[in-house]
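# Fold and geometry: a report
As a plain string of letters, each chain reads:
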Amino acid sequence: MATVEKTKSVEKQKSDVVLNYFRPRKKLPTVWCAGCGNGIVMSALIRAIDKLGYSKDEVAMVSGIGCTSRMPIYLDFSALHTTHGRALAFATGIKFAKPHMKVIVITGDGDCLAIGGNHFIHACRRNIDITAILINNHIYGMTGGQGSPTTPSGSISTTTPYGNVEKNFDPCKLAEAAGASFVARGTVYHTPQLEKAITKALDHNGFSLVEVISNCHTYYGRLNRRGDAVSMLNAFKENSVTTAKAKKLSPEEMEGKFLIGTLHEDDRTEFCDEYQKVVDAHMGEK
Amino acid sequence: MNRVMSGNEAVSQAVKLSRVQVISAYPITPQTSISEKLSEICGSGEMDAKFVKVESEHSAMATLIGASSTGVRTFTATSSQGLALMQELLFWVSGARLPVVMVNVNRAMAAPWTIWCDQTDSVSQRDTGWLQFYCWSNQEILDSVICAFRIAEELLIPCMVCHDGFFISHTHEVLDIPEQNQVDAFLPPRKAEYKLDTANPRTFSGGTMPSMFMEFRYKVQAAFERAQGVIDQTYEQFEQAFGRGYHAVEAYYTDGAEILLIASGSAASTVYHTVRQMRESGRKVGLLRMRQLRPLPVEGVLKHLTDGAALAVIDRNLSPGTGGVFTQELRAALHRNGVDYRVHEFVGGLGGRDITAADIEKICDDLENKTADPAGINWVGLNR
């Protein structure tokens, strides 16, 4: 009996942590469909922020347009809800003006990689200390299931009703190649690991990307016969391989699987720090 | 053939009947269902066109500039922020004299965020060199898109057909869908005199010195000056072929009107029903429905203007610092025509707020009692 009560109280504490970060007067439930992965990512992000002990006022959450981009509306941080694809550009302005702030961009595959693709590669290249959390559900959810840059080749969407003829992006490879100094991938099935990946990303000084593979059962799942939210989460469990385990697998065994965990990390100097060095050096000359 | 369709479906149907060859679009509410339907019928082979899925509205218009330069018929649809993102290329399309046709589903401009209807998105593009049409019914959308291709290709001026987000885009009406052979007879394939052609190579839009640039602009202006004639002629021929006609300014209950209201889009249909009811109770109120912003059909207004009537424009848009754009444009055009006539300005319905019958009756009361501000903005339904 005592054990049960203890478990209950631990669970209550855990959920209280999340509730502490909601905007006090925001009406719930959220705009997201029942079973959407966005809520899982939101609670993992809150727990990561709580663990790192950031104050609400020092966190700035920036988003663009799409289902994912509704997240800052619910959370009690400084927030900027910006134009489609441009969250990273707005966030660059915030970080540069207030380098002490923890700037988090929450974005989706359409927002970040299609209309915002240019801003994404340049934020990576600049290595500015922003954490981008890219929830990749392989489709445009909010506008009703159109093909995005991560819609896999051959997949069905409302704009690719006979199968996508284009090749999809791997956002992690793209970020690494463009110069991001921390790149990780998680899924909405692996929640403790996701929380750790986000914690690491937030703690990293430089541009960090966490790609979160998530489920849009409403559009992607339905159009591609992937079943409900639970079966899509189970598929993430079955098809993902940790970076440690992948080392022991042959290319044949990795066929159809994707990597999760920290995929890249380096200690290249962060943009604001580098900029300050130039200022200090030249102001000293006067 | 009669069918029930939403405003957005009417667009897709018109694009199909117009035998468009290249379509490129990016999702944005409330336009999305147009491009979804088009991608579906391009994919199924129901329509022999190429649908290009792109990464932004800017790329959608860039794709059409490329395609249209080869002499094919092109189409896109967008709304609000998407239209604004295209703006650089809107100038390009008109400067390059490409007859692109676009549907803009009217939605207010952020910030703050909204997805609901007003016309600030399209009216703010009035200097980009596009013809602009405003529809109030799904049938009119279908007919206007078909006519737009003919007008654009005749004048070599791009054409924007606008309808109100949600009020029209997502509501259903019975439409008379013309037969394909009827549309083919009315709208033959595009014949581009100047195009990218490997057999006859040309270069377009290259660097232009001050000695030549103004002449390019002059020719665009000259084409706009003959636009109303081409538009009127196209709609006359459309009426002969299909039995339905439209005028640049449509007049309702204007005989002996003491109050004349000017409106466009879905607001005009509310004005129409209110005016009809007011006429039944003996009040002399009329409606002039403005179907175009570019070119502004001032002759149509002058034709129906009875001397002494109180004239008012209801604008569902705002150019901060001046006011409603239809009002400003009309005042300037009347002045240009040497007509000194008071135009009262009413601004309302921004960001999707309803312009109700009660609002319209109040506008009429204010005009009748002379309590409306004769010079400044009269706000409709504003909480302050």
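Read on for a plain summary of the structure. (Residues numbered from 1 in each chain as written. Chains lettered and ligands numbered in written order. Predicted model: local features only at pLDDT ≥ 70, side-chain atom pairs only at ≥ 80, totals over all residues. Heavy atoms only, no water.)

Before going further, it helps to spend a moment on empty space enclosed by the protein. The final tally for this structure, using the stated rule, is two cavities of 30 Å³ or more. Considering only enclosed or pocket space, the largest cavity measures out at about 50 Å³ in volume. As for the largest cavity, its lining consists of Tyr140, Gln146, Gly147 and Thr159 of chain A together with Ala25, Tyr26, Pro27, Ser35, Lys53 and Val54 of chain B. Within the lining of the largest cavity, the residues separate by chemical class into five nonpolar, four polar and one charged. If you add up the space inside the second largest cavity, you get close to 40 Å³. Put simply, the parts of the chain that give the lining of the second largest cavity at least two residues each are α4 (87-97) and α5 (109-115) of chain A. (1 Å grid on protein atoms, 1.4 Å probe; cavity = no way out; pocket = protein on both sides within 12 Å on 5 of 7 lines; lining within 4 Å. Points joined across faces, edges and corners; volume = space filled by probe spheres on them. Nonpolar A, V, L, I, M, F, W, Y, C, P; charged D, E, K, R; others polar. Helix = DSSP H or I, 4+ residues; strand = E, 2+ residues; numbered from the N terminus.)

All right, on to the sheet that holds strand β11 (residues 285-290) of chain B then. In a beta sheet, neighbouring strands pair by backbone hydrogen bonds and run either parallel or antiparallel. Residues and elements named next belong to chain B. Read across the open sheet, the six strands follow the order β9-β11-β10-β13-β14-β15; overall the sheet is mixed. In this open sheet, the two edge strands, each paired with only one partner strand, are β9 (249-252) and β15 (377-379). Averaged over neighbouring strand pairs, the angle between their axes works out to 25° when direction is ignored. Looking at chain direction, β9 and β11 are connected through four bridges and run antiparallel. Paired with glutamate 250 across the bridge in β11 is arginine 289. In the packing of helix α11 (residues 265-280) onto the sheet, the strands contacted are β9, β10 (259-263), β11 and β13 (310-315), and the crossing angle to β11 comes to about 160°. (Pairing = 2+ DSSP bridges. Axes fitted to C-alpha atoms, helices over the stretch in contact; angles between N-to-C directions. Contact = heavy atoms within 4.5 Å.)

A full pass over the atoms with the stated rule returns 18 aromatic pairs over all chains. On the numbers, 5.5 Å between centres and 65° between planes, the contact of tryptophan 32 of chain A with tyrosine 74 of chain A is edge-to-face. Placement of tryptophan 32 of chain A in the loop between α1 (2-19) and α2 (38-52) and of tyrosine 74 of chain A in helix α3 (residues 71-74) is noted, with a sequence separation of 42 residues between them. A residue is classified by how much of its surface remains accessible, and tyrosine 74 of chain A, at 4% relative accessible area, is buried. By the ring-pair criterion, three or more aromatic residues cluster together here, those being Trp136, Tyr252, Tyr253 and Tyr272 of chain B. Against the face of phenylalanine 186 of chain B rests arginine 150 of chain B, its NZ or CZ located 4.4 Å from the ring centre. It is arginine 291 of chain B that lies over the ring of tyrosine 235 of chain B; its NZ or CZ is 4.8 Å from the centre. (Phe/Tyr/Trp six-rings, centres within 6.5 Å; stacked < 30°, edge-to-face > 60°. Buried < 20%, exposed > 50% of the residue type's maximum accessible area, 1.4 Å probe, protein only. Lys NZ or Arg CZ within 6 Å of the ring centre and 35° of its normal.)

Turning our attention to the side chain of threonine 92 of chain A. Relative to the helices and strands, threonine 92 of chain A is located in helix α4. Residue classification places threonine 92 of chain A among the buried positions, given a relative accessible area of 14%.

On to a negative patch on the surface, then. Residues and elements named next belong to chain B. Together, Asp232, Glu236, Glu239 and Glu299 give the surface a local cluster of negative charge. Structurally, glutamate 236 is set in helix α10 (residues 227-242). Classification of glutamate 236 as partly exposed rests on a relative accessible area of 48%. (Patch = residues over 30% accessible without salt bridge, like charges linked within 9 Å, V, L, I, M, F, W, Y side chains within 5 Å. Areas by Shrake-Rupley, 256 points an atom, 1.4 Å probe, with all protein chains shown as cover. Salt bridge = Lys/Arg side-chain N within 4 Å of Asp/Glu carboxyl O. Lys, Arg positive; Asp, Glu negative; His and termini not counted. Charge placed at Lys NZ, Arg CZ, Asp CG, Glu CD.)

All names here are of chain B. Of the pockets and cavities examined, the largest pocket occupies roughly 1200 Å³. Considering the residues around the largest pocket, the lining is formed by 40 residues, among which Gly95, Ala96, Arg97, Leu98 and Leu156 are closest to the centre. Broken down by secondary-structure element, the contributors of at least two residues to the lining of the largest pocket are α3 (57-69), α5 (87-95), α7 (138-155), α9 (210-225) and α10. Of the residues assigned to the lining of the largest pocket, the class counts are 18 nonpolar, ten polar and twelve charged.

The next point concerns the packing of α7 of chain B against α10 of chain B. Residues and elements named next belong to chain B. Interaxial distance between α7 and α10 falls to 10 Å at its minimum, and their mutual angle equals 135°. In terms of orientation, α7 and α10 fall into the oblique class. Judged by the twist between their axes, the crossing of α7 over α10 is right-handed. Across the interface between the two elements, Asp143, Ser144, Cys147, Arg150, Ile151, Glu154 and Leu155 from α7 touch Ala227, Val230, Ile231, Thr234, Tyr235, Gln237 and Phe238 from α10. Per-class residue counts for the contact of α7 with α10 are eight nonpolar, three polar and three charged. (Parallel < 35°, antiparallel > 145°, perpendicular 65-115°, else oblique. Left-handed = near helix turned anticlockwise from the far one by under 90°.)

A separate point is α10 of chain B. Residue and element names in this part refer to chain B. Counted at 1.5 Å a residue, the expected span for α10 with its 16 residues is 22 Å, and the 22 Å between its end C-alpha atoms agrees. Those residues of α10 that fall on the buried side of the exposure criterion are Ala227, Gln228, Val230, Ile231, Thr234, Tyr235, Phe238 and Phe242. Buried residues of α10, seen end-on, are gathered within an arc of 160° and therefore sit on one face of the element. Lining the buried residues of α10 we find β6 (131-134), α7, α8 (180-186), α9 and β12 (292-294). (Expected span 1.5 Å × (residues − 1). Arc of directions from axis to C-beta.)

A separate point is the pattern of salt bridges. All names here are of chain B. A complete count under the given rule lists 25 salt bridges over all chains for this structure. Of the charged contacts, one joins aspartate 164 and arginine 316 as a salt bridge, the two residues approaching to 3.9 Å between their closest N and O atoms. Pair noted here: aspartate 164 is in strand β7 (residues 159-164) and arginine 316 is in the loop between β13 and α13 (325-336), with a separation of 152 residues, a long-range link. With relative accessibility at 1%, the residue aspartate 164 sits in the buried group. We classify arginine 316 as buried; its relative accessible area is 4%.

Residue-level contacts link 18 residues of chain B with 22 residues of chain A. Around 1500 Å² of area is buried between chain B and chain A when both sides are counted, 60% of it from carbon and sulfur atoms. Put simply, chain B and chain A have one salt bridge between them. Seen at the junction of chain B and chain A, the total is eight residue pairs in polar contact (both at pLDDT 80 or more). Only α2 (32-43), β3 (50-53) and α4 (80-85) of chain B provide two or more residues apiece to the side of chain B that touches chain A. (Buried area = accessible area lost by both parts, 1.4 Å probe. Polar contact = N/O pair within 3.5 Å; in protein donor to acceptor, adjacent residues only side chain to side chain.)

Residue and element names in this part refer to chain B. Spatial strand order, β3-β2-β4-β5-β7-β6-β12: seven strands in an open sheet with mixed pairing. Single-partner strands in this sheet number two, and they are β3 and β12. The sheet shows a mean angle of 20° between the axes of neighbouring strands, direction not considered. In the sheet, β6 pairs with β12 via two bridges, with the strands oriented antiparallel. Note that in β12 the partner of phenylalanine 133 across the bridge is glutamine 292.

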